[in-house]
Amino acid sequence: MRECGLFINGEWTAASSRDTFETTNPATGEVLARCAAGNEEDVVKAADAAAKSFGDWKRFPAPKRGEIILKAASILRQQKKSLGEMVTREMGKVIAEGEGDVQEAIDFLEYIAGEGRRMLGETTTSELPNKRCMTVRQPVGIVGCITPWNFPFAVPSWKLGAALIAGNTVVFKPSSLTPLCAAALVEIFQEAGIPPGVLNMVTGSAQTVGQAIVEEERIRTLSFTGGVAAGREIYSRASKKLKRVALELGSKNPLIVMEDADIDLALEGILFGAFGTAGQRCTATSRLLVHEKVYSEIMDRLVRRTKALKVGDPLDPSVDMGPVCGPEQELKVLNYIDIGVKEGARLVCGGKKLKEGDYGKGFFIEPTLFEARHGLRITKEEIFGPVLSVIKFSSYEEAIHVANDVDYGLSSSIYTRDINKAYRAIDDLEAGITYINAPTIGAEVHLPFGGVKNTGNGAREAGTAAIAEFTEIKTVFIDYSGKLQKAQIER
Ligand code: NAD
């Protein structure tokens, strides 16, 4: 069986405690690898290595840092097929999506490598003669990157790529459900020539490794993607140490279908948005808001299409939906289905764990549709599984109210042929991302990504925002008058 160690100071090592944990395939239960379970001592070692290498890495020219990141992207590209399979085996998304996860990592690393030749600051005028004013971007130091399991290549690449190009060194803790993918990504950076100590990975539990990263004094910046409960705890602990924290958290994304929508197009978007990755995307469509005039038509067709989705082995290219990622995830989703039934939503289809034959080895749940009303728990809380709640509305204003009346705000979508309504929705929807005539999923790496309300704390990843997350701005005044000059306020 494959063994995965910690990666500290350019070397793969066992955990100081020698403890290990297993990573398994959620479709079959097969054990894929035994991984090092790090602890506080390992985080200190990783921070030592990151601190030692920071000065050299910071001084290494940014375009040269970009070359290493580009090389990593090119290795990922060469290995895309096998790495896509690894994602599918370890996380359970269907093979096309497994490869898509790797592709997103490639796209982002290629994009962010170019920042090595931009990293733009400002130059501006001065109140005084013979004086120049400007800003430059500087790395923040050691960055702690903590990631979830649902995009095991894409999300870590967004963080590592941006932190590294900006000249930071990194202590990386991936989810314990996808350590194999994380180790493969780190190996690729190693092969691409990342110097020892610049990128360190400590696998292990949230309670030991995760918390030690949050507490470690030398790690002044944290970049976290995960659930709201963990985000809140991390934010509160880190704020006591005045750390800088970027949080990308959960959501409850609405897709609105207006009465004038292209119904065929909307149906494709709904199915992809709700059941892609078995609903385990932070941008997944979990609430479908349908105008009363097209409600029956949408429901009839949606139920037929949902029942026809093929659930099974995610490595089989004809399969539409794989398992959810493990027993805890399964329990949580089934529990929410139970809550939905008990609070009076109508279970239209699905709702059960699939147990017969090979299904019994994994964590498969039927694609599930509820007819619901706004205000139920299943319409307000993040489920993170293949469960879609459908809500009927009778006016644009009502749809916007329902869409916005939740604690989250990552992605949103509206299907309409009315250009005025489309533009109004861009203004009205409380979300970091709005799609017009497209599903709630489908990020592009050169645009900022993030949400409002409990989805985060205002941070954005990807696009030009990626560099802002991992840099400090230094303001510089250069006086070439050769005499003491005083700014207006000091005169
Ligand atoms: P999670 O919060 O359970 O864990 C995420 C990571 O944080 C893991 O590595 C975990 O070990 C670690 N962790 C958990 N508690 C911690 C703590 N107290 N201190 C330090 N580390 C801690 O989330 P998950 O189940 O892995 O992922 C699913 C969640 O991630 C969903 O809520 C989803 O919406 C969210 N997500 C958000 C985005 C986004 O960009 N907004 C993207 C992907 C996933």
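Refer to the structure above for everything that follows.
Our subject in this report is the structure included herewith. (Residues numbered from 1 in each chain as written. Predicted model: local features only at pLDDT ≥ 70, side-chain atom pairs only at ≥ 80, totals over all residues. Heavy atoms only, no water.)

Overview of the overall build of the chain
Here is the rule: Elements are defined by DSSP. Helices are runs of H or I of four residues or more, strands are runs of E of two residues or more, and each kind is numbered from the N terminus. Just to be clear, the radius of gyration here is over C-alpha atoms, and the globule rule we use is 2.2 Å times residues to the power 0.38. Relative accessibility decides the category of a residue: with a 1.4 Å probe and only protein chains considered, values under 20% of the type maximum give buried, values over 50% give exposed, and everything between is partly exposed. What sets the accessible areas is the Shrake-Rupley method with a 1.4 Å probe; for residues, cover comes only from the shown protein chains. Asp and Glu are treated as the negative residues and Lys and Arg as the positive ones, with His and the ends of the chain left uncounted. Charge coordinates come from a single atom per side chain, which is NZ of Lys, CZ of Arg, CG of Asp or CD of Glu.
Per the secondary structure count, the chain includes 14 helices and 24 strands. In summary, the chain has a C-alpha radius of gyration of 24 Å against a globular reference of 23 Å for 491 residues, a match within 12%. When its C-alpha atoms are laid out on the principal axes, the chain stretches across 80 × 60 × 40 Å. Across the 491 residues that make up the chain, the buried fraction comes to 57%. Looking at the chain as shown, the accessible area adds up to about 20300 Å², and 51% of this sits on carbon and sulfur atoms. A gap of 4 Å separates the mean positions of the 59 positive and 64 negative side-chain charges of the chain.

Some thoughts on the site of the ligand
Put simply, the rule is: We call a residue near a given molecule or strand whenever any one of its heavy atoms falls within 4 Å of it. Polar contacts here mean pairs of N or O atoms no more than 3.5 Å apart (in protein, one a potential hydrogen donor and the other a potential acceptor; neighbouring residues in sequence count only if both atoms are side-chain atoms).
Surveying the vicinity of the ligand reveals 26 residues, the closest of which are Thr147, Lys173, Gly227, Leu249 and Glu382. Lys173 is positioned such that a nitrogen or oxygen atom in its side chain is 2.9 Å from an oxygen atom of the ligand. Here an oxygen atom of the ligand sits 2.8 Å away from a polar atom, N or O, in the main chain of Gly227. About the coverage of the ligand: the protein hides 87% of its 850 Å² of free accessible area. Every element with two or more residues in the shell around the ligand is listed here: helix H7 (206-215), strand S11 (219-225) and helix H8 (228-240).

Considering helix H9 (residues 263-275)
Just so we agree on the cut-off: Working rule for helices: expected span equals 1.5 Å times residues minus one. Should any heavy atoms of two residues lie within 4.5 Å, those residues are considered in contact.
Compared with an ideal rise of 1.5 Å per residue, which puts 13 residues at 18 Å, H9 spans 18 Å between its outermost C-alpha atoms and is within 8% of the ideal. Within the span of H9, buried status applies to Ile263, Ala266, Leu267, Gly269, Ile270, Leu271, Gly273, Ala274 and Phe275. Residues of H9 that are buried sit in contact with strand S13 (253-257), strand S14 (285-291), helix H10 (295-307), strand S18 (368-371), strand S19 (387-393) and strand S21 (411-415). Measuring from the backbone nitrogen of Asp264 back to the side-chain oxygen at the start of H9 gives 3.2 Å, which picks out Asp262 as the cap. Backbone geometry just after H9 places Thr277 at a positive phi near 55°.

Remarks on the side chain of Asn150
With respect to the element layout, Asn150 can be found in the loop between strand S8 (142-146) and helix H5 (154-165). A residue is classified by how much of its surface remains accessible, and Asn150, at 5% relative accessible area, is buried. One polar contact links the side chain of Asn150 to the main-chain carbonyl oxygen of Gln280, over a distance of 3.1 Å.

A closer look at the sheet that holds S18
Inclusion rule: When DSSP finds two or more bridges between a pair of strands, those strands are recorded as paired. Lines are fitted to the C-alpha atoms to define the axes, a helix being fitted only along its stretch in contact, and any angle between axes, read from their N-to-C directions, falls within 0 to 180 degrees.
Overall, mixed pairing links the seven strands, which are arranged S15-S18-S19-S14-S13-S21-S22 in an open sheet. If you trace the sheet from one side to the other, it starts and ends with strand S15 (346-349) and strand S22 (433-436), each paired once. With strand direction ignored, the average angle separating the axes of adjacent strands in the sheet is 25°. Note: S14 against S19, five bridges, orientation parallel. Counterpart to His291 in the pairing with S19 is Phe393. On top of the sheet, helix H11 (residues 327-342) reaches S15, S18 and S19; it is set at about 25° to S18, its chief contact. The strands touched by helix H12 (residues 396-404) within the sheet are S13, S14, S19 and S21, with S14 carrying the most contacts at an inclination of about 165°.

Points about helix H2 (residues 62-78)
At 3.6 residues per turn, the α-helix brings residues three or four places apart onto the same side. In a regular helix each residue adds 1.5 Å, so 17 residues correspond to 24 Å; H2 covers 25 Å between its end C-alpha atoms and thus fits that length. Among all positions of H2, only Ala62, Arg65, Gly66, Ile68, Ile69, Ala72, Ala73, Ile75 and Leu76 are buried. In the core, the buried residues of H2 are packed alongside helix H1 (40-59), helix H3 (80-91), helix H4 (95-113), H5 and helix H6 (179-192).

Focus on the sheet that holds strand S24 (residues 471-479)
Across the sheet, three strands lie side by side as S6-S7-S24; this open sheet has antiparallel pairing. Edge positions in the sheet fall to strand S6 (123-124) and S24, since each has one partner strand and no second. Strand direction decides the pairing type here: strand S7 (residues 131-139) and S24, joined by nine bridges, are antiparallel. Along S24, the bridge assignment pairs Arg132 with Ile478.

With respect to the pattern of salt bridges
Here is the rule: When a carboxyl oxygen of Asp or Glu lies within 4 Å of a side-chain nitrogen of Lys or Arg, that pair is called a salt bridge.
For the structure on display, the rule yields 32 salt bridges. For Lys64, the salt bridge is made with Glu67, and the minimal N-O distance between the two is 3.7 Å. Of this pair, Lys64 and Glu67 both sit in helix H2, three residues apart, roughly one helical turn. Residue class for Glu67 comes out partly exposed when judged on its relative accessible area of 43%.

As for a nonpolar patch on the surface
Put simply, the test is: Residues enter a patch when their relative accessible area is above 30% and they make no salt bridge; the linking distance is 9 Å between like charges and 5 Å between nonpolar side chains (Val, Leu, Ile, Met, Phe, Trp, Tyr).
Where nonpolar side chains cluster on the molecular surface, the patch consists of Ile419, Tyr423, Ile426 and Ile436 and spans about 400 Å² of accessible area. Positionally, Ile436 belongs in strand S22.

Digging into the nonpolar core
This is how the line gets drawn: Put simply, buried Ala, Val, Leu, Ile, Met, Phe, Trp, Tyr and Cys residues joined by side-chain atoms within 4.5 Å make one nonpolar core.
Judged by nonpolar contacts, the single largest core of 68 residues is most densely connected at Leu76, Phe108, Phe153 and Phe189. With ten residues, the top contributor of residues to this core is H6. The residues touching Phe153, leaving out its near neighbours within four places in the chain, are Leu76, Leu83, Val87, Asp101, Val102, Ala105, Cys181, Ala184 and Leu185.

Comments concerning the pairing of S19
The buried fraction of S19 is high, at six of seven residues. Pairing between S18 and S19: four bridges, direction parallel. Within S19, the residue paired with Leu369 across the bridge is Leu388.

A word on the pairing of S21
Heads up, the rule is: Look down the strands so they point away from you; if going from the first strand over the helix to the second traces a clockwise path, that crossover is right-handed.
Burial analysis of S21 places five of its five residues in the buried class, the great majority of the element. Alternating residues of S21 divide into Ser411, Ser413 and Tyr415 and Ser412 and Ile414, and every residue in both groups is buried. Two strands pair when backbone bridges link them, and S13 and S21 are joined in this way by three bridges, in the parallel orientation. By the bridge assignment for S21, Leu255 is matched with Ser413. As judged from the four bridges shared by S21 and S22, these two strands associate in the parallel manner. Looking at S22, one finds that Ile414 is bridged to Ile436. With helix H13 (residues 419-428) bridging S21 and its parallel neighbour S22, the resulting β-α-β unit is right-handed.

Here we look at the packing of aromatic side chains
Put simply, the rule is: Note on aromatic contacts: the rings of Phe and Tyr and the six-membered ring of Trp form a pair at centre separations within 6.5 Å, being stacked when their planes are under 30 degrees apart, edge-to-face when over 60 apart, and tilted otherwise. To sit over a ring, a charge needs its Lys NZ or Arg CZ within 6 Å of the ring centre and within 35 degrees of the ring normal.
Evaluated as defined, the whole model comprises seven aromatic pairs. For the ring pair Trp57 and Phe60, a centre distance of 5.7 Å and an interplane angle of 25° mean the geometry is stacked. A relative accessible area of 2% places Trp57 in the buried class. For the pair Phe108 and Tyr111, a centre-to-centre distance of 6.3 Å together with 45° between the ring planes defines the contact as tilted. Of this pair, Phe108 and Tyr111 both sit in helix H4, three residues apart, roughly one helical turn. A relative accessible area of 0% places Phe108 in the buried class. Members of the aromatic cluster, connected to one another through ring pairs, are Phe108, Tyr111, Trp158 and Phe449. The ring of Trp57 is capped by Arg65, whose NZ or CZ atom sits 5.9 Å from the centre of that ring. Lying across the ring of Phe151, Lys93 places its NZ or CZ 3.8 Å from the centre.

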